Amino acid sequence: MSENADSLWSLRPLDSWSPGGNRLDVFGPCSAESEEQLTRAAEGLVALERPFVFRAGIWKPRTRPGSFEGLGVTALPWLKSIKARFNIPVITEVAKAEHVEACLEHDIDMLWIGARTTVNPFSVQEIADALNGVDIPILVKNPIHPDLSLWIGALERVMGAGIKSVAAIHRGFHYHDNRPYRNMPNWELPIELKRLHPKLPIICDISHIAGSPDLLHQVAQRALDLMMDGLHVEVHPDPQEALSDARQQIDPDALEYLFKGLRVSRRAVNDPIFIAELEKLRSQIDEIDTRIVELLVERMKVVEEIGEQKRDKGVSIFQLKRWKAIIEHYMSQGSEEGLSGSFLREVVEAIHSESIDIQQRIMDGRMMDQSKS
Ligand code: PEP
Ligand code: MN
């Protein structure tokens, strides 16, 4: 990494700006609907006696027109009075410079950039420019689709404006079919983000991943097991009556119940016997991984041979009957051994797609040879 990038990523530690020390939890309704609704939400949350940042959306980026799009600046004085009355930091979503300016005028403590804004470098840059010279924490949600560079790029634009208190929010990714979630978690993306930038706090927006209260627990547990730095949960005093995202919001009592059921993993390992045992098992894993790679290399060599034969005989690469048989082979052998269907499906699809690419290259080679002759 260049010196420049290094200094860009020299962030202020989370415990110097989060009300929860080395954790950052964000709770509150999807949207600000009335001063009374915000007050009831804050009262219920403060009663849980957990440090948190109070959230409420004021400008709502809705996928389709006609749904509740937020109350705009009208709601900003309400957030400001929640902050003063309950002595809690408040946060809202911004999507353009005008939003940033209005929030700063109303002493909003932190801002987040939403998933539909992170996708657009022009909008993120506009927000970053409006933040120049301002020193407040900025949280950046992942873009709607699983593009890690775009997420990192948005964080870099914000940091480029001189912001040093930054966190990422993992809120899942949109696919054509997200079942059973509202947005697919793709845990490997926040894990890779953490690997690249270990000092960047990442919190998990379990509400927008789960999409319904019954899935919140499993998503939250996974986030904690992956050592995420906190949770972002939509909490409404009357979830069923909510003007946006009614299906996924929970009330403060349900939030308390959710936390009671979570197993909190210890952050660091320092028991020498445990470390030795872990090392032993990890070296077994390393050996197995080496064998897996060797087997994949061996498989792809056979794939190449088949590709050459298909090329010589003019047979098409993709054979539906054979593909069905391969899937069936994986699914039946793997599920007998207790592997999940979705995992097996992903593995076989990745292997098959690489095999097709290899054979495609062989076919293209022949086409090039023909064009030369
Ligand atoms: C929200 O947090 O209310 C929101 C609009 O989220 P996202 O940008 O993740 O869709
Ligand atoms: Mn929402």
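Residues numbered from 1 in each chain as written. Chains lettered and ligands numbered in written order. Predicted model: local features only at pLDDT ≥ 70, side-chain atom pairs only at ≥ 80, totals over all residues. Heavy atoms only, no water.

A. Fine view of the coordination of the manganese ion (ligand 2). Distances from the manganese ion (ligand 2) to its protein donors, namely Cys30 (SG), His208 (NE2), Glu234 (OE) and Asp245 (OD), fall within the range 2.1 to 2.5 Å. The sequence pattern describing where the donors of the manganese ion (ligand 2) fall on their chain is C-x177-H-x25-E-x10-D. Placement of the pair is Cys30 in the loop between strand S1 (26–28) and helix H2 (35–46) and His208 in helix H9 (residues 206–210), with a sequence separation of 178 residues. You can call Cys30 buried: its relative accessible area is 2%. (Donors = N, O, S within 2.8 Å, 3.2 Å for Na, K, Ca; no water. Helix = DSSP H or I, 4+ residues; strand = E, 2+ residues; numbered from the N terminus. Buried < 20%, exposed > 50% of the residue type's maximum accessible area, 1.4 Å probe, protein only.)

B. Quick peek at a nonpolar patch on the surface. Nonpolar side chains collect at one region of the surface, where Val269, Phe274 and Ile275 lie side by side and expose about 240 Å² of accessible area between them. Along the chain, Ile275 falls in helix H12 (residues 272–313). Residue classification places Ile275 among the partly exposed positions, given a relative accessible area of 34%. (Patch = residues over 30% accessible without salt bridge, like charges linked within 9 Å, V, L, I, M, F, W, Y side chains within 5 Å. Areas by Shrake-Rupley, 256 points an atom, 1.4 Å probe, with all protein chains shown as cover. Salt bridge = Lys/Arg side-chain N within 4 Å of Asp/Glu carboxyl O.)

C. Fine view of the pattern of salt bridges. Considering all chains together, one arrives at 18 salt bridges under this definition. Here Arg55 makes a salt bridge to Glu234, at a shortest N to O gap of 3.4 Å. A residue pair is termed long-range when its members are at least 10 positions apart, and Arg55 in strand S2 (residues 53–55) and Glu234 in strand S8 (residues 231–234) qualify at 179 residues. A relative accessible area of 1% means that Arg55 is categorised as buried. Taking the shortest distance from any N to any O, the salt bridge between Asp109 and Lys83 comes out at 2.8 Å. Of this pair, Asp109 sits in the loop between helix H4 (97–105) and strand S4 (110–113) while Lys83 sits in helix H3 (residues 76–86), placing them 26 residues apart in sequence.

D. Representation of the environment of Ile356 within the structure. Tracing the backbone shows Ile356 in helix H14 (residues 341–372). Sequence separation between Ile356 and Val302 is 54 residues; the distance between their C-alpha atoms is 12 Å. In contact with Ile356, other than residues within four places in its own chain, are Ile317 and Phe318. (Contact = heavy atoms within 4.5 Å.)

E. Quick look at the side chain of Ser18. Tracing the sequence through the fold places Ser18 in the loop between helix H1 (3–8) and S1. Judged by relative accessible area, Ser18 falls into the buried class, the value being 7%. If we skip the residues at most four places from it in the chain, Ser18 touches Arg23 and Leu24.

F. Structural context of the site of ligand 1. In the region of ligand 1, the neighbouring residues are Cys30, Arg55, Lys60, Glu93, Trp112, Gly114, Ala115, Arg116, Lys141, Arg171, His208 and Glu234. At 2.8 Å from an oxygen atom of ligand 1 is found a side-chain nitrogen or oxygen belonging to Arg116. In the environment of ligand 1, an oxygen atom lies 3.3 Å from a nitrogen or oxygen atom belonging to the side chain of Glu234. Calculation on ligand 1 without its partners gives an accessible area of 300 Å², and the protein chains cover 97% of this total. Of the residues in the shell around ligand 1, the class split is three nonpolar, two polar and seven charged. (Near = heavy atom within 4 Å. Polar contact = N/O pair within 3.5 Å; in protein donor to acceptor, adjacent residues only side chain to side chain. Nonpolar A, V, L, I, M, F, W, Y, C, P; charged D, E, K, R; others polar.)

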